[in-house]
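Descriptive analysis of the structure
Each chain, written out:
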Amino acid sequence: MNNIDLKKARAVTGAEAVANAMRQIEPHVVAAYPITPQTPIVEYFAKFVSDGVVRTEMIPVESEHSAMSAVVGAAATGARAMTATSANGLALMHEVVYIAASSRLPIVMPVVNRALSGPINIHCDHSDAMAERDSGWVQFYAESNQEAYDLTILSLKLAEDESVRLPVMVSLDGFILSHGVEPVEFLPDEVVKEFIGEPKMIYPLLDTEHPVTYGPLDLYDYYFEHKRQQVEAMENAKKVFPKVAEEFYKVSGRKYDFVEPYKLDDAEYVMVALGSTNSTIKYVVDWMREEGFKVGALKVWMFRPFPKAQIQKYLNGRKGVVVLDRSASFGAEAPLYEAVKSALYNVAIRPQMGSYVYGLGGRDILPEHIRKAFEDALSGNLIADEQRYLGLRE
Amino acid sequence: MKTKQLLKYLRIDRWPTVWCPGCGNGIILKAFLEAVDQLKLKKDRVAVVSGIGCSSRATGYLDFNTMHTLHGRAISFATGVKLARPEFKVIVMGGDGDLASIGGNHFIHACRRNIDLTVIVFNNMIYGMTGGQYSPTTPEEEMASTAPYGHIERPFDIAKLALSSGATYVARSTVYHYNLLVKYIKDAIEHRGISVVDVITNCHTYYGRYNGMPQPYQMMEYFKNNSVTIEKARDMSEEELEEKIVIGVFRREEGKPCYLDRYEEIRKKAMKGR
């Protein structure tokens, strides 16, 4: 985990942290529509616009579908364009989310994770972002407000890299991070400006000397090849990300990677998860280590493209792997578990595996729940084809 | 009317409501119940459909057939309900953000189609639930969390939007004019075809606080002092009408075939001789 210098840090919510990352990026265009718990990001940003702190053209449009459409239009002209959303807002964007990725537009979008309706629920789970996992966007999940801030900035550079040119979602847990106050160390504005650099325009719509068209009819003649290029761009994102993370480390002193190992060196049992729950898992790891149990954690920062090689490297040969998912895939295995299990098919020594779904609709996850899952692993009570639940009444 | 008499239409176990003390939504809800009571409608023959927002939470508190659906989509769901159960009185409740912005398309097309729904717009001129962002009915120059120095867009006039889209019953009241409100909702439910009641209501928590009327009574006074009847408005100039709320019945066109009537006609035509 990256240490934060409390003397330099400010106590802010995740929303304020992300809004400040957006202020420093200073996109040319922001289009957004209010949805809980994303709203404070847009409110902070609207104030920056009104105060003349940024020169962004901002428009609060009439729906999320319009927000993503406006951002796609702006990005196609070569502008830096951003939006932010949650849950049903993201679901309403869905068809345009695919257009953004297939048009290879480097849009960065904070997604404040919230359960998808119905019934309506405004609290955190990952069902919103998971519904977009195959849309062709890079996906990061933040554990803390600091990470939400850092990943927003870092994502822009990754998205705009010439060999990548893909949109990026930065997921931060609704309310837990978006409305929770934590110390965050901000980079100086000029450092961010220099880090992200000037936008590289590739095939901009407004270059009248070299006219282009976006999204024309693409049938069985070329569509397949274009999809193949998207697959390649995701592979390139894996190659480019370590370089971007290294450059970010140089300016910030904070390290990012595909995954983050925690007390893994001698760990026999490892828990894998996304987002803010990792902090609770680390607490439980410390607690159980004091009692002599060889447990550890592996946080997944980047979920798309899925870091298969890193998962294999860290989990090969462990006795047991427990995967926590904050979303379900009805009729199939939970998304993170499915991906981790699939990655471990080819390792030399496959661990025992167990799938635990938790926290749907904001249900609290307690250290005791996490300990229970670890204890299942320690007692050899993991069944790879069984889905279990933490904190559920049955 | 005694409020107690209306309790049978409510799911009291779902109380307290999510609404702020002094919110106008409760007044609209009561006016609706009073209209239902006067019309002696059977609870099981009424369906209330809402979208997302403060006002849309009403369906949780009402003891009819109710659906709490997606943001902006209440009219679409209600259209399905009406087609499947044409004998039902189908009421749509929603806010200005819900019905005129994200769901604006469904609103104009329901008006055009003249389907037999009653749409009650809880028009507080702001997005209340998400924290006071400006909505499609926020007047120009007014403040909102997304317009900290004043709003620069022109608002929709919900009644005019409904009129020009072809709605056959259109009325407007404010929550201050309670008796009118009951009457309009009652007439709207009785009307065959699309009926729209635009109800100007108070979100003092956001709209009022941003615009110098942080107390509910201040907004009530504003509605009282700035409303003019449609009859009176006809003799007033555009300048005189600026910042005024025109209340009254804008259109009541009875006897015009609604979508269901036309549907029945075409069905009979298609089935002729079979």
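Note that this is a predicted model, so its numbers are computed, not measured.

Moving residue by residue along a regular strand, the side chains alternate between the two faces of the sheet. Residues and elements named next belong to chain A. Most of strand 7 (residues 168–173) is tucked away: six of the six residues are buried. Here strand 7 shows no split at all, with Val-168, Val-170 and Leu-172 on one side and Met-169, Ser-171 and Asp-173 on the other all buried. Judged from the six bridges that link them, strand 5 (residues 108–113) and strand 7 form a sheet pairing that is parallel. When the sheet's bridge partners are listed, Val-108 is paired in strand 7 with Val-168. In terms of strand pairing, strand 6 (residues 138–141) meets strand 7 through four bridges, oriented parallel. Bridge pairing in strand 7 places Val-138 opposite Val-168. In this fold, strand 6 hands off to helix 6 (residues 145–160), which returns the chain to strand 7; that crossover is right-handed.

Here we take up the sheet that holds strand 4 (residues 118–123) of chain B. Residues and elements named next belong to chain B. If you walk across this open sheet you meet the eight strands as 2-1-3-4-8-7-10-9, and the pairing is mixed. Pairing within the sheet leaves two strands with one partner each, and these edge strands are strand 2 (65–68) and strand 9 (227–229). Between one strand axis and the next, the sheet turns through 20° on average, direction left out of account. Sheet topology note: the strand 7 (residues 169–174)/strand 8 (residues 195–200) ladder contains six bridges and is parallel.

A few words on the sheet that holds strand 9 (residues 259–262) of chain A. All names here are of chain A. Taken together, six strands build an open sheet; the order of strands is 9-11-10-13-14-15 and the sheet is mixed. Each of the sheet's edge strands pairs with one partner strand only, and the pair in question is strand 9 and strand 15 (387–390). Sheet twist, expressed as the average angle between the axes of neighbouring strands with direction ignored, equals 25°. For strand 10 (residues 269–273) and strand 11 (residues 295–300), the ladder comprises five bridges, and the chain directions are parallel. Paired with Met-271 across the bridge in strand 11 is Ala-297. Lying on the sheet, helix 11 (residues 335–343) is in contact with strand 10, strand 11, strand 13 (320–325) and strand 14 (352–358); it crosses strand 13 at an angle near 150°.

What follows covers helix 7 (residues 178–190) of chain B. The periodicity of an α-helix, 3.6 residues per turn, causes residues three or four positions apart to be oriented the same way. Residues and elements named next belong to chain B. In this model, helix 7 (13 residues) spans 19 Å end to end at C-alpha, consistent with the 18 Å of a helix rising 1.5 Å per residue. Among all positions in helix 7, only Tyr-178, Leu-181, Val-182, Tyr-184, Ile-185, Asp-187, Ala-188 and Ile-189 are buried. Here the buried face of helix 7 lies against helix 1 (25–39), strand 3 (89–95), strand 4, strand 7, strand 8 and strand 10 (245–252).

Let's shift gears to the nonpolar core. Core analysis: the largest hydrophobic core is formed by 84 residues, its most contacted members being Ile-311 and Val-340 of chain A. A domain-level breakdown of this core finds at least three residues from each of domain 1 (10–252) and domain 2 (259–390) of chain A. Discounting residues that sit within four places of it in the chain, Val-340 of chain A has contacts with Val-272, Phe-306, Ile-311, Leu-315, Val-321, Val-323 and Met-353 of chain A. Leu-33, Ala-147, Val-182 and Cys-203 of chain B belong to the second-largest nonpolar core, a separate cluster that totals 50 residues.

A separate point is the pattern of salt bridges. Residues and elements named next belong to chain A. A full pass over the atoms with the stated rule returns 44 salt bridges over all chains. Between Glu-268 and Lys-319 there is a salt bridge, and its shortest N-O distance comes to 3.7 Å. In this pair, Glu-268 sits in the loop between strand 9 and strand 10 while Lys-319 sits in the loop between helix 10 (308–315) and strand 13, placing the two residues 51 residues apart along the sequence. With a relative accessible area of 26%, Glu-268 lands in the partly exposed category. With its nearest N and O atoms 2.8 Å apart, the salt bridge here joins Glu-375 to Arg-371. Residue Glu-375 and its partner Arg-371 are both found in helix 12 (residues 367–378); the two are separated by four residues, about one turn of the helix. Overall, the relative accessible area of 35% leaves Glu-375 in the partly exposed class.

Here we come to the environment of Leu-324 of chain A. Residue and element names in this part refer to chain A. Tracing the backbone through its elements, the reader meets Leu-324 in strand 13. Look at Leu-324 and you get buried, because its relative accessible area is 1%. The contact partners of Leu-324, leaving out residues within four places of it in the chain, are Met-271, Val-272, Ala-273, Thr-277, Ile-281, Leu-336, Tyr-356, Tyr-358, Ile-370 and Leu-390.

Of the residues lining the interface, 18 residues belong to chain A; the matching set on chain B comes to 19 residues. Of the roughly 1,400 Å² buried at the junction of chain A and chain B (both faces included), carbon and sulfur atoms supply 62%. Seen at the junction of chain A and chain B, the total is zero salt bridges. Run the count over chain A and chain B and you get six residue pairs in polar contact (both at pLDDT 80 or more). Of all the secondary-structure elements, those providing two or more residues to the side of chain A that touches chain B are helix 2 (39–50) and helix 4 (87–102) of chain A.

Residues and elements named next belong to chain A. Tracing the chain through its elements places Asn-278 in helix 9 (residues 277–290). The class for Asn-278 is buried, based on a relative accessible area of 1%. A distance of 3.3 Å separates a polar atom in the side chain of Asn-278 from the backbone oxygen of Ala-273. Ignoring sequence-local partners within four residues, the contact set of Asn-278 consists of Glu-143, Ala-273, Leu-298 and Lys-299.

Let's shift gears to the packing of helix 6 of chain A against helix 8 (residues 223–252) of chain A. All names here are of chain A. The contact between helix 6 and helix 8 brings their axes to 10 Å, and the two run at 125°. One finds that helix 6 runs oblique with respect to helix 8. The handedness of the crossing between helix 6 and helix 8 comes out as right-handed. Where helix 6 approaches helix 8, its residues Asp-150, Ile-153, Leu-154, Lys-157 and Leu-158 are matched on the opposing element by Ala-237, Val-240, Phe-241, Val-244, Ala-245, Glu-247 and Phe-248. Considered class by class, the residues forming the contact of helix 6 with helix 8 number nine nonpolar, no polar and three charged.

Definitions and limits used
- Residues numbered from 1 in each chain as written.
- Chains lettered and ligands numbered in written order.
- Predicted model: local features only at pLDDT ≥ 70, side-chain atom pairs only at ≥ 80, totals over all residues.
- Heavy atoms only, no water.
- Buried < 20%, exposed > 50% of the residue type's maximum accessible area, 1.4 Å probe, protein only.
- Helix = DSSP H or I, 4+ residues; strand = E, 2+ residues; numbered from the N terminus.
- Pairing = 2+ DSSP bridges.
- Right-handed = clockwise from strand over helix to strand, strands pointing away.
- Axes fitted to C-alpha atoms, helices over the stretch in contact; angles between N-to-C directions.
- Contact = heavy atoms within 4.5 Å.
- Expected span 1.5 Å × (residues − 1).
- Core = buried A, V, L, I, M, F, W, Y, C linked by side-chain atoms within 4.5 Å.
- Domains from an automatic or database assignment.
- Salt bridge = Lys/Arg side-chain N within 4 Å of Asp/Glu carboxyl O.
- Buried area = accessible area lost by both parts, 1.4 Å probe.
- Polar contact = N/O pair within 3.5 Å; in protein donor to acceptor, adjacent residues only side chain to side chain.
- Parallel < 35°, antiparallel > 145°, perpendicular 65-115°, else oblique.
- Left-handed = near helix turned anticlockwise from the far one by under 90°.
- Nonpolar A, V, L, I, M, F, W, Y, C, P; charged D, E, K, R; others polar.

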